[in-house]
Amino acid sequence: MNKKDWPLWEIFIRSKNGLNHKHVGSLHAADAQMAIENARDVYCRRNEGVSIWVVLSSQIVASDPDEADALYEPAKNKIYRHPTFYEIPKEVGHM
Amino acid sequence: MLSNEELEKEFQAKIDAEIKIEPKDWMPEAYRKTLIRQISQHAHSEVVGMLPEGNWITRAPSLRSKVILLAKVQDEAGHGLYLYSAAETLGVDREDLIEELHTGKAKYSSIFNYPTLTWADIGAIGWLVDGAAIANQVMLCRTSYGPYARAMVRICKEESFHQRQGYEIMLKMAKGTPEQKQMAQDALNRWWWPSLMMFGPPDDKSIHSAQSLKWKIKRQTNDELRQEFIDKTVKQAEYLGLTIPDPHLKWNEERQHYDFGPINWEEFYQVINGNGPCNRQRLKARIKAHEEGAWVREAAIAYAEKKQAKKTAA
Ligand SMILES: [Fe+2]
Ligand SMILES: [Fe+2]
């Protein structure tokens, strides 16, 4: 990284108490405080949020899309994890 | 700076307006403490709850029922994790919470101190124990603390399968040979009353209830939830052709609810205080698993450090 570059931050916004923070995008800032202030200025200009999380993009570890098949394979053939796998007579009500 | 009193007023106003409380929001110390106690007990219950069912994984009557039970028990481990994570947002450490479970300082649901004697018990647990847990957890999806409510939504989505697989087992046994039907009836006889106790003491004896309702940690009382559960369950038992072991159980036209007989609260307190049929066994199994897993946790850390060192050197 060129020493004059500002690092990239990923921005997460909670739109309302009770909801999760949701990833909305990213921005460059010199430090965390500036990242929060800039996030407010670009991502919350219309009351979009009540809380902001900023995380250095370089700190995010992501799964590899090329490995997705292997990664999710264990969940694919386990249809019995779903409620619809079981036949429940409708006489007994919702379960 | 606002005084404590003003802060508390503001806090209650938020609760009254159905605004969720999030980890960084100001909250009364007692609210935080109540949540830590409740969420950690809930987490412990998910984890200890794996033991009675785990007892039957190796002895399930078919490969189909074995993979189902395995998947169900896996889910419960996940529920424990969601809940410990929710508790950790309140500034406590999971390790400390587990320590409290192991020393007996923290409680878990008394239901898991009963033994699973036959395969029908696995059916009865899914149907009744998960059924009762669902009634409680559906209510908690609307609890005032955000992270707890969100964990509950996730859990409730997974629970439906638990109850249905249990009812399916009951259905097979109840429609099976006379011996199988008898096993199903026996399981119902043993699990019915402890399941009703899962909702906790009656409202007039429940020490934390009033404040929890005011803070909307709970949204319904123990007695309301218990009644709801009974009303739902009676027709499910009827469909199975099984008899709920309560001679006082009777539809009350005026109340539009079932009346039911007295619950043996003496038994409940005995079990809560460590004198149930399996209390010692359960705790011993938990501690053993934790201690015997210590080397795995340490090895994983050592391996991670080694990988990191290699990366730094490269
Ligand atoms: Fe669960
Ligand atoms: Fe469950």
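The text that follows walks through the structure, step by step, so that each part is easy to find.

1. As for the overall build of chain B
Helix and strand content of chain B: 13 helices and 2 strands. Relative to a compact globule of 314 residues, whose C-alpha radius of gyration would be 20 Å, chain B shows 21 Å and is just as compact. Dimensions of chain B along its principal axes, counting C-alpha atoms only, are 70 × 55 × 35 Å. Residues classed as buried in chain B amount to 52% of the 314 residues present. Looking at chain B alone, contacts between residues at least 24 apart form 77% of all its contacts between residues at least 6 apart. Just so you have it, chain B exposes about 15,800 Å², and 56% of that area is on carbon and sulfur atoms. Of the charged side chains in chain B, 43 are positive and 43 negative; the average position of the first set lies 5 Å away from that of the second.

2. Re the coordination of the iron ion (ligand 2)
Residue and element names in this part refer to chain B. Binding of the iron ion (ligand 2) to the protein goes through E76 (OE), D130 (OD), E159 (OE), E159 (OE) and H162 (ND1), at separations of 2.0 to 2.7 Å. In this structure, the iron ion (ligand 2) lies 3.3 Å away from the iron ion (ligand 1), the two metals sharing E76 as a donor. Pair noted here: D130 is in helix 6 (residues 119–140) and H162 is in helix 7 (residues 146–174), with a separation of 32 residues, a long-range link. In this structure D130 comes out as buried when scored by relative accessible area, which is 4%. Under the relative-accessibility criterion, H162 is labelled buried at 0%.

3. Considering the interface of chain A and chain B
Contacts between the two partners involve 20 residues from chain A and, on the opposite side, 25 residues from chain B. For the pair chain A and chain B, the summed buried area comes to about 2,000 Å², and 60% of that belongs to carbon and sulfur atoms. The three residues of chain A that bury the most area against chain B are N17(A), Y86(A) and M95(A), which together make up 34% of that side's buried surface. The tally of links between chain A and chain B comes to 1 salt bridge. For the salt bridge of R14(A) with E22(B), the shortest nitrogen-to-oxygen distance reads 3.3 Å.

4. Points about helix 11 (residues 265–275) of chain B
Residue and element names in this part refer to chain B. Within helix 11, burial applies to W265, F268 and V271. Looking straight down helix 11, one finds that the buried residues subtend no more than 120 degrees of arc, so they occupy a single side. Relative to its buried face, helix 11 has exposed residues pointing more than 90 degrees away, namely E266 and N273. Where helix 11 is buried, its residues touch helix 8 (178–197), helix 10 (222–240) and helix 12 (279–292).

5. Details of a negative patch on the surface
Residue and element names in this part refer to chain B. Residues E88, D93, E95, D96 and E99 make up a contiguous surface patch of negative charge. In terms of residue count, helix 5 (residues 94–102) provides more of the negative patch than any other element does, 3 residues in total. Inspection of the secondary structure puts D96 in helix 5. Of the residues examined, D96 reaches a relative accessible area of 47% and is grouped as partly exposed.

6. A closer look at the coordination of the iron ion (ligand 1)
Surrounding the iron ion (ligand 1) are the protein donor atoms E46(B) (OE), E76(B) (OE), H79(B) (ND1) and E159(B) (OE), at 2.1 to 2.5 Å. Of note is the iron ion (ligand 1), whose 4 donor atoms meet at the metal with angles of 81 to 159 degrees in an arrangement that counts as irregular.

7. With respect to the environment of K14(B)
Its place among the elements puts K14(B) in helix 1 (residues 4–16). Judged by its relative accessible area of 26%, K14(B) falls in the partly exposed class. Sequence spacing of K14(B) and W215(B) is 201 residues, and the spatial spacing of their C-alpha atoms is 9.9 Å. In contact with K14(B), not counting residues within four places along its chain, are N17(A), I19(B), I21(B) and D25(B).

8. Digging into the pattern of salt bridges
All names here are of chain B. Scanning the model with the defined rule gives 19 salt bridges over all chains in all. Here R32 and E29 are joined by a salt bridge, their closest N and O atoms 3.5 Å apart. Of this pair, R32 and E29 both sit in helix 2 (residues 29–48), 3 residues apart, which is roughly one turn of that helix. We note a salt bridge from R190 to D121, for which the minimum N-O separation is 2.8 Å. Residue R190 is located in helix 8, and its partner D121 is located in helix 6; the two are separated by 69 residues in the primary sequence. By relative accessible area, which is 24% here, R190 ends up partly exposed. Overall, the relative accessible area of 0% leaves D121 in the buried class. Each member of the salt-bridge network shares a partner with another, and the members are E53, K72, E76 and D130.

9. Describing the sheet that holds strand 1 (residues 8–14) of chain A
Residues and elements named next belong to chain A. What the 3 strands build is an open sheet, ordered 2-1-3; its pairing is antiparallel. Looking along the sheet, the strands with just one partner apiece sit at the ends: strand 2 (22–28) and strand 3 (51–56). Each neighbouring strand pair of the sheet contributes to a mean axis angle of 30 degrees, computed without reference to strand direction. Here 6 bridges tie strand 1 to strand 2, and the two strands are oriented antiparallel to one another. Within strand 2, the position partnered with I11 by the bridge is G25. Running over the sheet, helix 1 (residues 32–43) touches strand 1, strand 2 and strand 3 and is turned about 115 degrees from strand 2.

Thresholds, definitions, all that
Residues numbered from 1 in each chain as written. Chains lettered and ligands numbered in written order. Predicted model: local features only at pLDDT ≥ 70, side-chain atom pairs only at ≥ 80, totals over all residues. Heavy atoms only, no water. Helix = DSSP H or I, 4+ residues; strand = E, 2+ residues; numbered from the N terminus. Rg over C-alpha atoms; globule rule 2.2 N^0.38 Å. Buried < 20%, exposed > 50% of the residue type's maximum accessible area, 1.4 Å probe, protein only. Contact = heavy atoms within 4.5 Å. Areas by Shrake-Rupley, 256 points an atom, 1.4 Å probe, with all protein chains shown as cover. Lys, Arg positive; Asp, Glu negative; His and termini not counted. Charge placed at Lys NZ, Arg CZ, Asp CG, Glu CD. Donors = N, O, S within 2.8 Å, 3.2 Å for Na, K, Ca; no water. Buried area = accessible area lost by both parts, 1.4 Å probe. Salt bridge = Lys/Arg side-chain N within 4 Å of Asp/Glu carboxyl O. Arc of directions from axis to C-beta. Patch = residues over 30% accessible without salt bridge, like charges linked within 9 Å, V, L, I, M, F, W, Y side chains within 5 Å. Tetrahedral: all angles 85-135°; square planar, octahedral: opposite > 155°, others 65-115°. Pairing = 2+ DSSP bridges. Axes fitted to C-alpha atoms, helices over the stretch in contact; angles between N-to-C directions.

So far we have only geometry, and geometry alone does not tell us how the molecule works.
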